[in-house]
Amino acid sequence: MRSGLAEMSDAELFAAAAAEIPEDDYLDPVPHLVALHERPTRQVFATAVRLLTDDDPDARELGARVLRELGPRDDEGRRPFGAEAIPLLVGRLDQERDPRVLQWVISALGFNCAREALGEVLRFTGHPNRWVRFHVAAALPALVDPDRIEPGALEALRTLCGDEEADTRYYALHAMVEEISGADPELVTRSLADLLDDPDEQIRELARTHLTAVDRG
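Structure report, in brief. (Residues numbered from 1 in each chain as written. Predicted model: local features only at pLDDT ≥ 70, side-chain atom pairs only at ≥ 80, totals over all residues. Heavy atoms only, no water.)

## Remarks on the environment of Thr 212
For Thr 212, the position within the fold is in helix H13 (residues 201-216). Look at Thr 212 and you get partly exposed, because its relative accessible area is 30%. Along the backbone, Thr 212 and Leu 192 are 20 residues apart, and their C-alpha atoms lie at a distance of 9.9 Å. (Helix = DSSP H or I, 4+ residues; strand = E, 2+ residues; numbered from the N terminus. Buried < 20%, exposed > 50% of the residue type's maximum accessible area, 1.4 Å probe, protein only.)

The structure is reproduced here in structure tokens:
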């Protein structure tokens, strides 16, 4: 953590992070949010939990995004407060009506390797908001059995490979062929074949590369 940020109080960091987030386009740096991630104390966790149920959706988003990466992951992919955070994030799935907040709750479950939440996250595979669907695709690799993907999760990835948004299709395909083992080879091959004429060049190339590898055996 840079020295100037390290000297800031928790309250100052939360205030600065709250100002960063509404302007964030997912690529812009968010140094104050990152500084909170690097300060995994009980106080920071408690503040994020409180924000998660705030009336203001911007505050709820901040709470979810702090919990998303609060502290380093252990060998199992769990973060220091994961055991407490995951049930709260899962509970938020049923309550949240703002798509921007919902997408970060789903992402936070992925970043906390919340495999127990897989079924809950799969419910949002067909959500009308494109960013919610994108975050489902991005989160699934961290939520499934690493040795043999659950059938429902594989079917969700196949569905997302046909999403109208190229970024979502790419993340779903990448998850299926690069990040997950134990998937039904026939279903994977079918998905690859379906994407050989995808409008997006990056997706076509990924599908072609892996289909060629399958053919070579």
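There's plenty left to go through after this.
## Considering the packing of aromatic side chains
Throughout the structure, instances matching the rule amount to four aromatic pairs. An angle of 10 degrees between the planes, with centres 4.6 Å apart, marks the rings of Phe 45 and Phe 81 as stacked. With Phe 45 in helix H4 (residues 42-51) and Phe 81 in the loop between helix H5 (57-68) and helix H6 (82-95), this residue pair connects regions lying 36 residues apart in the sequence. Each member of the pair Phe 45 and Phe 81 is classed as buried. With centroids separated by 4.7 Å and ring planes inclined at 65 degrees, the aromatic side chains of Phe 134 and Tyr 171 adopt a geometry described as edge-to-face. In this pair, Phe 134 sits in helix H9 (residues 130-143) while Tyr 171 sits in helix H11 (residues 166-179), placing the two residues 37 residues apart along the sequence. An aromatic cluster is present here, built from Trp 131, Phe 134, Tyr 170 and Tyr 171 joined pairwise through their rings. When the ring centre of Trp 104 is taken as origin, the NZ or CZ atom of Arg 65, which lies over that ring, is 4.0 Å away. (Phe/Tyr/Trp six-rings, centres within 6.5 Å; stacked < 30°, edge-to-face > 60°. Lys NZ or Arg CZ within 6 Å of the ring centre and 35° of its normal.)

## Side note on a negative patch on the surface
Taken together, the side chains of Asp 54, Asp 55, Asp 56 and Asp 58 define an acidic patch exposed on the protein surface. Residue class for Asp 55 comes out exposed when judged on its relative accessible area of 76%. (Patch = residues over 30% accessible without salt bridge, like charges linked within 9 Å, V, L, I, M, F, W, Y side chains within 5 Å. Areas by Shrake-Rupley, 256 points an atom, 1.4 Å probe, with all protein chains shown as cover. Salt bridge = Lys/Arg side-chain N within 4 Å of Asp/Glu carboxyl O. Lys, Arg positive; Asp, Glu negative; His and termini not counted. Charge placed at Lys NZ, Arg CZ, Asp CG, Glu CD.)

## Notes on the side chain of Asp 198
With respect to the secondary-structure elements, Asp 198 resides in the loop between helix H12 (185-194) and H13. With a relative accessible area of 6%, Asp 198 lands in the buried category. Contacts of Asp 198, omitting those with residues within four sequence positions, involve Arg 169, Ile 203 and Arg 204. (Contact = heavy atoms within 4.5 Å.)

## Observations concerning the nonpolar core
With 68 residues, the main nonpolar core has Val 66, Ile 106 and Leu 173 as its most contacted residues. Of all the elements, helix H7 (residues 99-111) adds the most residues to this core, at seven residues. Excluding residues within four positions of it along the chain, Val 66 makes contact with Phe 14, Leu 33, Leu 36, His 37, Val 44 and Ala 48. (Core = buried A, V, L, I, M, F, W, Y, C linked by side-chain atoms within 4.5 Å.)

## Focus on the pattern of salt bridges
Summed over all chains, the structure comprises 17 salt bridges. Here Glu 69 ties to Arg 68 by a salt bridge, and the two come within 2.7 Å at their closest N and O atoms. When its relative accessible area of 24% is taken as the criterion, Glu 69 is described as partly exposed. Residue Arg 208 is joined to Glu 205 by a salt bridge in which the shortest nitrogen-to-oxygen separation is 2.8 Å. Here the residue Arg 208 and the residue Glu 205 both occupy positions in helix H13, the gap between them amounting to three residues, near one helical turn. Accessibility expressed as a relative area gives 40% for Glu 205, which makes it partly exposed.

## Focus on the packing of H11 against H12
Contact pair H11 / H12: the axes reach a minimum separation of 11 Å and the direction vectors enclose 140 degrees. On the basis of their axis angle, the class for H11 and H12 is oblique. Seen from above, H11 lies across H12 with left-handed handedness. On H12, the residues that touch Leu 173, Met 176 and Val 177 of H11 are Val 188, Ser 191 and Leu 192. Residues belonging to the contact of H11 with H12 are distributed by class as follows: five nonpolar, one polar and no charged. (Axes fitted to C-alpha atoms, helices over the stretch in contact; angles between N-to-C directions. Parallel < 35°, antiparallel > 145°, perpendicular 65-115°, else oblique. Left-handed = near helix turned anticlockwise from the far one by under 90°. Nonpolar A, V, L, I, M, F, W, Y, C, P; charged D, E, K, R; others polar.)

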